[in-house]
Amino acid sequence: MKSLQPRRLLSLLLPALFSTQYAQAAITLDLTSQDSIKAAARTAAEGMMRYYTGDRPGDIPGNLPQPYYWWEAGAMFGAMIDYYYFTGDDHWNNVTMQAMLHQTGPDNDYMPPNQTKTEGNDDQGFWGMAAMSAAENNFPNPPSNRAQWLALAQAVFETQARRWDNATCDGGLRWQIFTFNNGYNYKNTISNGCFFNLASRLAVYTGNQTYARWADTAFNWTDSIGLIDDNWNFFDGTDVNLRCKEFDHLQWSYNAGVYLAGAANMYNFTEGSDVWRRRIEGIISNLKYFMPDGNNIISEVTCEPLGNCNIDQRSFKAYLARWMAMAAVKAPFAYDAIKPILEDSAAAAARSCSGGDDGNQCGLKWTTSTFDGSVGVGEQMSALEVIQANLIDYVEGPVTADTGGTSSGDPNAGAGSRVLPGDLNRSVVTTGDRVGAGFLTVLVICFVAGGAWWLIS
């Protein structure tokens, strides 16, 4: 994710595109009715897809118009894959398929050349996680001559595993992939969290221990370096030039969410490990940080109260809601703690959806129980994700390769990706080094300093 100062004017002008004259209307939501939740989700999805122009003649599939960055388009189509899974509505499936395939890049690893100047590990990770969701949710498979969802997720994982940087701070992924991009010296929680999240889900889907070991490594590094503290606060990141001894202590909801979902998948993979149970319980216990009013309504507390959330940050609650729902399914013991938050936040989000030229545009602040004048992809996506998350009681759980999953993997996915200037991946990786669903060899990984290296039984 990037700083949006050059685009700040556009972000400030966005609310002017949607009149607030319909403030008396709102999305109707009855959380006791499956049909009502689906209808509310469709309304929120329609409002979000109004911003997308990539399916129009002359535009680029998979891109959002300015001021949105490429990563958020990947996150948005992840939401639409979730939407199909929760509701069964295939209205946007063709658009979603087109976008997801157009942005894969020449090596089918979500590294399109036109994104080189801005693409970070977290950006690539959001597209990879969307592909993983498509595999888990049995989203319609691509044509047989195109890379498949599981293979795309594996390719993203493989390229990032090869960037794991033991040369500085005893491990971790840098924020940026290329040396010429600002932020290359930053190791941030979301980049490592996306990698952890993806590894844990690949472990569950494929049953491959290699992914699980990488998930252990990623979590243990984040914890040992101090980006997770004893109270389950997740700090934004740290600088390699300071030997990762000082931290940016800002907290964002999606950092807690991405690790919560990954921990739940590892709990699932280990068939109820006490270690992962304690981690899930710890993360959930501190979600109250994002509910400062003492209720169950989520707030992006670092920026919402001051009214200075940038375009990226306005979407962060979407991912927390998405991953809370995943955690409630993958770690059922957590359901009772998570579901009330999803319910109360969804009701509040729906009440905020009373603006714009149709009276259904959603605002940013759910705690106000009214439309606050802030509109955009992030606001719509956040409302959509928290509303549709309440359908977890009505759908079958995500599939795996052994429980009905139809997406094909590729053990070589990502292993032949280009070596570009500034990419930490500077050498040819041999077959024995590859990480894929078909490989049973276990990579030798350097111990994370201060972390706990343990094997899954």
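Reading guide: rules and limits
- Residues numbered from 1 in each chain as written.
- Predicted model: local features only at pLDDT ≥ 70, side-chain atom pairs only at ≥ 80, totals over all residues.
- Heavy atoms only, no water.
- UniProt positions renumbered as here; feature names shortened; annotations may be inferred.
- Helix = DSSP H or I, 4+ residues; strand = E, 2+ residues; numbered from the N terminus.
- Buried < 20%, exposed > 50% of the residue type's maximum accessible area, 1.4 Å probe, protein only.
- Contact = heavy atoms within 4.5 Å.
- Areas by Shrake-Rupley, 256 points an atom, 1.4 Å probe, with all protein chains shown as cover.
- Polar contact = N/O pair within 3.5 Å; in protein donor to acceptor, adjacent residues only side chain to side chain.
- Disulfide = S-S within 2.5 Å.
- Pairing = 2+ DSSP bridges.
- Axes fitted to C-alpha atoms, helices over the stretch in contact; angles between N-to-C directions.
- pLDDT = per-residue confidence, 0-100.
- Core = buried A, V, L, I, M, F, W, Y, C linked by side-chain atoms within 4.5 Å.
- Phe/Tyr/Trp six-rings, centres within 6.5 Å; stacked < 30°, edge-to-face > 60°.

Where an unreviewed UniProt entry is consulted, the protein chain appears under the name Mannan endo-1,6-alpha-mannosidase, with the organism given as Cyphellophora europaea. Within the UniProt record for the protein chain, the comment given under Catalytic activity (unreviewed entry) is "Random hydrolysis of (1->6)-alpha-D-mannosidic linkages in unbranched (1->6)-mannans."

Trainee: Sorry, what's going on with the overall build of the protein chain here?
Mentor: Within the protein chain, the regular secondary structure consists of 13 helices and 3 strands. For the protein chain, the proportion of its 457 residues judged to be buried stands at 61%. In the protein chain, once contacts between residues fewer than 6 apart in sequence are set aside, the share between residues at least 24 apart is 72%. When the accessible area of the protein chain is evaluated, it comes to approximately 16,600 Å², of which 50% is carbon and sulfur surface.

Trainee: Just checking my understanding: could you explain unusual backbone geometry for this structure?
Mentor: One can expect most non-glycine residues to show negative phi and most peptide bonds to be in trans. Backbone torsion omega between Gln-66 and Pro-67 reads 10 degrees, so that peptide bond is classified as cis. Considering the arrangement of structural elements, one finds Pro-67 in the loop between α2 (34–49) and α3 (70–87). Unlike most non-glycine residues, Trp-232 shows phi in positive territory, near 65 degrees. Counting through the fold element by element, Trp-232 comes out in the loop between α8 (209–225) and β2 (237–239). Of note, the phi angle at Glu-271 is positive, near 55 degrees, even though the residue is not glycine. Here Glu-271 lies in the loop between α9 (253–269) and α10 (274–285). The exposed category is assigned to Glu-271, whose relative accessible area is 76%.

Trainee: Please explain the side chain of Gln-154 as it appears in this structure.
Mentor: With respect to the helices, strands and loops of the structure, Gln-154 is situated in helix α6 (residues 149–161). A distance of 3.3 Å separates a polar atom in the side chain of Gln-154 from a polar atom in the side chain of Tyr-211.

Trainee: How should I be thinking about the environment of Asp-357 in this particular structure?
Mentor: Its place among the elements puts Asp-357 in the loop between α12 (335–352) and α13 (377–388). With relative accessibility at 39%, the residue Asp-357 sits in the partly exposed group. A polar contact is formed between the side chain of Asp-357 and the side chain of Arg-50, at a distance of 2.9 Å.

Trainee: Looking at this structure, I do not really get the side chain of Gln-380. What am I missing?
Mentor: Tracing the backbone through its elements, the reader meets Gln-380 in helix α13. The buried category is assigned to Gln-380, whose relative accessible area is 0%. Of the polar contacts made by the side chain of Gln-380, one reaches the backbone nitrogen of Cys-362; its length is 2.5 Å. What Gln-380 contacts, discounting residues up to four positions off in sequence, is Ala-44, Gly-47, Met-48, Tyr-51, Asn-360, Gln-361 and Cys-362.

Trainee: Could you clarify how one ought to interpret the state of the cysteines in this entry?
Mentor: In total, this model carries 3 disulfides according to the counting rule given. In this model Cys-303 forms its disulfide with Cys-309; the gap between the sulfur atoms is 1.9 Å. In this structure the cystine formed by Cys-303 and Cys-309 twists about its S-S bond by roughly 90 degrees; its chirality is therefore right-handed. Neither residue differs from the other here; Cys-303 and Cys-309 are each classed as buried. Two residues, Cys-353 and Cys-362, share a disulfide whose sulfurs are 2.0 Å apart. Measuring the twist about the S-S bond at about 100 degrees, one finds the Cys-353-Cys-362 disulfide to be right-handed.

Trainee: Which parts of the structure should I look at to understand the sheet that holds β2?
Mentor: Pairing between sheet strands relies on hydrogen bonds along the backbone, with the strands arranged either parallel or antiparallel. Taken in spatial order, the 3 strands make up an open sheet running β1-β2-β3, and their pairing is antiparallel. With partners counted over all chains shown, the strands left at the sheet margins are β1 (186–188) and β3 (247–248), one partner each. Across 2 bridges, the pairing between β2 and β3 is antiparallel. Its bridge partner being in β3, Thr-238 is matched across the sheet by Phe-247. Against the sheet, helix α7 (residues 189–206) touches β1 and β2, its axis set at about 50 degrees to β1.

Trainee: Whenever I open this one, the environment of Asp-35 confuses me. Can you help?
Mentor: The residue Asp-35 is located in helix α2 in this model. Taking the C-alpha atoms as reference, Asp-35 lies 9.1 Å from Thr-87; in sequence the two are 52 residues apart.

Trainee: Quick question: what am I supposed to make of the confidence of the model for the protein chain here?
Mentor: Residues shown with low pLDDT carry predicted positions that ought not to be read at fine detail. Taken over all residues, the pLDDT of the protein chain has a mean of 88, while the share at 70 or more is 86%. Across residues 2–24, where pLDDT falls below 50, the model places 49 contacts with residues more than four positions away in sequence or in other chains. Per-residue pLDDT stays below 50 along residues 419–457; that stretch engages in 93 contacts with residues further than four places along the chain or on separate chains.

Trainee: Explain the nonpolar core to me, please; I cannot follow it from the model alone.
Mentor: Nonpolar side chains tend to gather and get buried jointly when the protein is soluble and globular. Core analysis: the largest hydrophobic core is formed by 137 residues, its most contacted members being Phe-126, Trp-149 and Tyr-319. For this core, the leading source of residues is α3, giving 12 residues. Not counting chain neighbours up to four residues away, the residues in contact with Tyr-319 comprise Trp-71, Glu-72, Ala-75, Phe-126, Tyr-254 and Met-381.

Trainee: Which parts of the structure should I look at to understand the packing of aromatic side chains?
Mentor: A ring pair, where both rings are aromatic, is described by two values, the distance of the centres and the angle of the planes. Going through the model one piece at a time under the given rule, you end up with 32 aromatic pairs. With a centroid separation of 5.1 Å and an interplanar angle of 5 degrees, the aromatic rings of Phe-157 and Phe-195 are classed as stacked. Residue Phe-157 is found in helix α6, and its partner Phe-195 is found in helix α7; the two are separated by 38 residues along the sequence. On the basis of relative accessibility, which here comes to 0%, the residue Phe-157 falls in the buried class. For the pair Tyr-289 and Phe-290, a centre-to-centre distance of 5.1 Å together with 80 degrees between the ring planes defines the contact as edge-to-face. Among the residues examined, Phe-290 registers a relative accessible area of 3% and is labelled buried.

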